[in-house]
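So you can see what is in the structure, the chains are spelled out below.
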Amino acid sequence: MIPEKQIPTTAFVVEKPGAPFVLQDIILDEVRANEVLVEMKYTGLCHTDIVVQQGAIPVGDYPAVLGHEGAGIVRRVGSNVKDKSLQEGDLVFLSFSSCHEESCSPCSKGRNGFCDQMTSINFAGARGLTAAESPISFPGGSSIRGQFFGQSSMSKLAVVDERSVVKAPPGCGVTVEDMAVLAPLGCGYLTGAGTVFNVLKPTPKNSFAVIGMGAVGVAAMLAARSQGVETVIAVDIVDAKIELAKSLGASHTLNTKSVSDLAQGLLDIFPDGVDCILDTTGVVPLLEAAVKALGHEGTLAIVGVARAGSSLKIDLLKLMMGCQRVVGVIEGCANPAMIVPQLIDLYKQGKFPVDKLAKIYAPADFEQAMADLHSGSIIKPIIKWADL
Ligand SMILES: NC(=O)c1ccc[n+]([C@@H]2O[C@H](COP(=O)([O-])OP(=O)(O)OC[C@H]3O[C@@H](n4cnc5c(N)ncnc54)[C@H](O)[C@@H]3O)[C@@H](O)[C@H]2O)c1
Ligand SMILES: [Zn+2]
Ligand SMILES: [Zn+2]
């Protein structure tokens with residue numbers, strides 16, 4: 001029996017910026033009216049976890065429990081959650097949180113990734129701005145920042161903001177075993193696929209290039225292919241990623257190690273320029289090359305986190321005369337409640353084979369999982385909580 005209050009569990013805690021993730025005993029507060037207790041089955045690791053562990057996004061307190069690609073089983077439902085169908089035992093995917101208010105223009109249009117409150121809700125914690133308001137504490141009583149992205153899912157049990165919860169649709173056939181590869185739907189895969197579905201919207205005959213074939217880039221390529229886009233150029237600097245992209249449907253590939261000028265490399269393939277480009281690297285010279293390679297009315301979407309203060313040299317006149325756009329995209333500009341079921345469906349049809357990207361790790365091998373994510377040797381490490 002899980003107690004009503006003071007629920008003991010175990011989580012990876014980051015003591016202060018730059019400190020490692022350490023597995024520790026923690027205590028969860030009670031589940032409030034608009035919250036859900038989730039027993040985590042799997043949690044994917046995303047670069048944003050590393051960025052925040054290193055203290056590079058200065059919003060929110062430490063110590064902190066991070067993790068924002070959780071998937072698991074509902075163990076308790078708050079007394080006033082909006083989704084009245086949500087029950088104990090439901091399988092759920094956890095995603096980013098947004099305000100969901102009618103008064104918020106992006107949320108009211110289902111473009112929740114652009115919610116006005118994204119930074120405060122997701123980075124500081126859904127309950128409030130300080131660790132003191134968090135549902136997590138050490139057994140001694142001192143507070144730990146929680147509800148990172150509404151969830152803090154690097155934890156065996158978590159008190160989750162209901163706005164982060166997406167129930168696996170009844171009849172979709174998802175099992176706990178599927179969660180081993182689908183846990184990252186809530187961030188990495190949603191970001192790549194959402195940018196394709198909601199922002200770039202390529203037609204089958206459009207040319208499409210993805211720079212950086214990590215979790216976000218491969219998800220974008222798969223999403224484009226699932227919509228019938230015939231020509232997808234996959235760009236990376238790691239041979240193994242280029243090979244994987246080819247095996248998953250890239251029609252052309254470019255390795256930035258071997259092309260001295262990426263813009264020229266892209267224009268050699270498409271002399272009229274590229275219709276849609278997605279950059280997931282945040283590397284400034286690659287972004288500049290991408291702008292140069294855009295075709296008439298072409299769009300460059302940027303999701304990779306560039307270093308603070310970095311700036312682009314762009315020929316504004318060419319951009320204007322070519323009717324081109326450069327857009328930053330947060331979380332695929334998506335509504336998780338819409339896109340997660342859509343991606344589950346594509347996965348079940350074999351059109352979104354993200355199982356090819358995942359490697360499962362026991363919590364005891366967490367350091368290795370982080371090192372593999374950091375080095376790029378594994379595209380998507382996923383923690384299996386049953387192995388704790
Ligand atoms: N905007 C958002 O909402 C959002 C959401 C999730 C992740 N992100 C960010 O998006 C980025 C991509 O995430 P990911 O999980 O796919 O990361 P990743 O590290 O797995 O992917 C990046 C890819 O870029 C490649 N790359 C790096 N330098 C390169 C170069 N010079 N030339 C060619 N390829 C190069 C790497 O080899 C890698 O395959 C990260 O910065 C992450 O923090 C943003
Ligand atoms: Zn909003
Ligand atoms: Zn993420």
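Residues numbered from 1 in each chain as written. Chains lettered and ligands numbered in written order. Predicted model: local features only at pLDDT ≥ 70, side-chain atom pairs only at ≥ 80, totals over all residues. Heavy atoms only, no water.

- An unreviewed UniProt entry lists the protein chain under the name Enoyl reductase (ER) domain-containing protein, with Penicillium nalgiovense given as the organism.
- Taken from UniProt, the Sequence similarities (unreviewed entry) comment for the protein chain reads in full: "Belongs to the zinc-containing alcohol dehydrogenase family."
- UniProt lists a comment for the protein chain under the heading Cofactor (unreviewed entry), and it reads "Zn(2+)". (UniProt positions renumbered as here; feature names shortened; annotations may be inferred.)

## Brief notes about the site of ligand 1
- For ligand 1, the set of nearby residues contains 23 residues, the closest of which are His-47, Val-216, Asp-236, Thr-256 and Glu-331.
- Within the side chain of Thr-256, one N or O atom sits 2.7 Å away from a nitrogen atom of ligand 1.
- At 3.2 Å from a nitrogen atom of ligand 1 is found a main-chain nitrogen or oxygen belonging to Val-303.
- With the chains in place, 85% of the 860 Å² that ligand 1 exposes on its own is no longer accessible.
- Within the residue set of the shell around ligand 1, elements represented by two or more residues are α1 (47-53) and α6 (215-226). (Near = heavy atom within 4 Å. Polar contact = N/O pair within 3.5 Å; in protein donor to acceptor, adjacent residues only side chain to side chain. Areas by Shrake-Rupley, 256 points an atom, 1.4 Å probe, with all protein chains shown as cover. Helix = DSSP H or I, 4+ residues; strand = E, 2+ residues; numbered from the N terminus.)

## Quick notes on the nonpolar core
- Ranked by internal contacts, the top residues of the largest apolar core, which has 108 residues, are Phe-93, Leu-185, Phe-208 and Phe-352.
- Here Phe-208 is in contact with Val-196, Leu-200, Pro-202, Ala-220, Ala-224, Val-229, Thr-231, Val-232, Ile-233, Val-274 and Cys-276, once residues within four sequence places are set aside. (Core = buried A, V, L, I, M, F, W, Y, C linked by side-chain atoms within 4.5 Å. Buried < 20%, exposed > 50% of the residue type's maximum accessible area, 1.4 Å probe, protein only. Contact = heavy atoms within 4.5 Å.)

## Focus: the coordination of the zinc ion (ligand 3)
- Here the zinc ion (ligand 3) is held by Cys-46 (SG), His-68 (NE2) and Cys-187 (SG), and the distances to it run 2.1 to 2.3 Å.
- Summarised as a motif, the one-chain spacing of the donors to the zinc ion (ligand 3) is C-x21-H-x118-C. With Cys-46 in the loop between β3 (35-44) and α1 and Cys-187 in the loop between α4 (176-182) and α5 (188-200), the pair connects residues that are 141 residues apart, well separated along the chain.
- Since its relative accessible area comes to 5%, Cys-187 is described here as buried. (Donors = N, O, S within 2.8 Å, 3.2 Å for Na, K, Ca; no water.)

## Points about α5
- With 13 residues, α5 should reach 18 Å at 1.5 Å per residue; the first-to-last C-alpha distance of 17 Å fits that figure.
- In α5, a bend of some 35° at Gly-194 exceeds every other bend along the element.
- Counting buried positions over the 13 residues of α5 gives 12, a clear majority of the element.
- By the burial criterion, the buried members of α5 are Gly-188, Tyr-189, Leu-190, Thr-191, Gly-192, Ala-193, Gly-194, Thr-195, Val-196, Phe-197, Val-199 and Leu-200.
- Lys-201 sits one or two positions beyond α5 and adopts a positive phi of about 45°. (Expected span 1.5 Å × (residues − 1). Bend = angle between axes of the 7 residues up to and from the residue.)

## Quick notes on the coordination of the zinc ion (ligand 2)
- Bound to the zinc ion (ligand 2) on the protein side are Cys-99 (SG), Cys-104 (SG), Cys-107 (SG) and Cys-115 (SG), at distances that span 2.3 to 2.4 Å.
- Considering all four donor atoms around the zinc ion (ligand 2), the spread of angles at the metal, 105 to 116°, places the coordination shape in the tetrahedral class.
- Sequence spacing of the donors to the zinc ion (ligand 2): C-x4-C-x2-C-x7-C. Residue Cys-99 is found in the loop between β5 (91-94) and α2 (105-108), and its partner Cys-115 is found in the loop between α2 and α3 (118-124); the two are separated by 16 residues along the sequence.
- Cys-99 sits in the buried class, given a relative accessible area of 5%. (Tetrahedral: all angles 85-135°; square planar, octahedral: opposite > 155°, others 65-115°.)

## Brief notes about the sheet that holds strand β13 (residues 274-279)
- Taking strand neighbours across the sheet as the criterion, the six strands line up as β12-β11-β10-β13-β14-β15 in an open arrangement whose pairing is parallel. Single-partner strands in this sheet number two, and they are β12 (252-255) and β15 (325-328). Taken over all neighbouring pairs, the strand axes of this sheet differ in orientation by 15° on average, direction set aside.
- Here strand β10 (residues 207-211) runs beside strand β11 (residues 231-236); their pairing, made up of five bridges, is parallel. Counted as the bridge partner of Val-210 is Ala-234 from β11.
- The sheet contacts of helix α9 (residues 284-293) involve β10, β13, β14 (294-302) and β15, and relative to β14 the element is tilted by about 155°. (Pairing = 2+ DSSP bridges. Axes fitted to C-alpha atoms, helices over the stretch in contact; angles between N-to-C directions.)

## Focus: unusual backbone geometry
- In this structure, Pro-63 follows Tyr-62 across a cis peptide bond, with omega equal to 0°.
- With respect to the element layout, Pro-63 can be found in the loop between α1 and β4 (70-77).
- One non-glycine residue, Ser-152, adopts positive backbone phi at about 45°.
- Inspection of the secondary structure puts Ser-152 in the loop between β7 (143-144) and β8 (157-161).
- Its identity as a non-glycine residue notwithstanding, Lys-201 has a phi of 45°, on the positive side.
- Position of Lys-201 among the secondary structure elements: in the loop between α5 and β10.
- Residue Lys-201 is classed as exposed on the basis of its relative accessible area of 53%.

## Some thoughts on the packing of α5 against α6
- At a minimum axis distance of 7 Å, the contact between α5 and α6 shows a crossing angle of 45°. Between α5 and α6, the interaxial angle falls into the category oblique. Where α5 crosses over α6, the handedness of that crossing is right-handed. Two secondary-structure elements touch here, α5 through Gly-188, Tyr-189, Thr-191, Gly-192, Ala-193, Val-196 and Phe-197 and α6 through Ala-215, Val-216, Ala-219, Ala-220, Ala-223, Ala-224 and Ser-226.
- Classifying every residue of the contact of α5 with α6 gives 10 nonpolar, four polar and no charged. (Parallel < 35°, antiparallel > 145°, perpendicular 65-115°, else oblique. Left-handed = near helix turned anticlockwise from the far one by under 90°. Nonpolar A, V, L, I, M, F, W, Y, C, P; charged D, E, K, R; others polar.)

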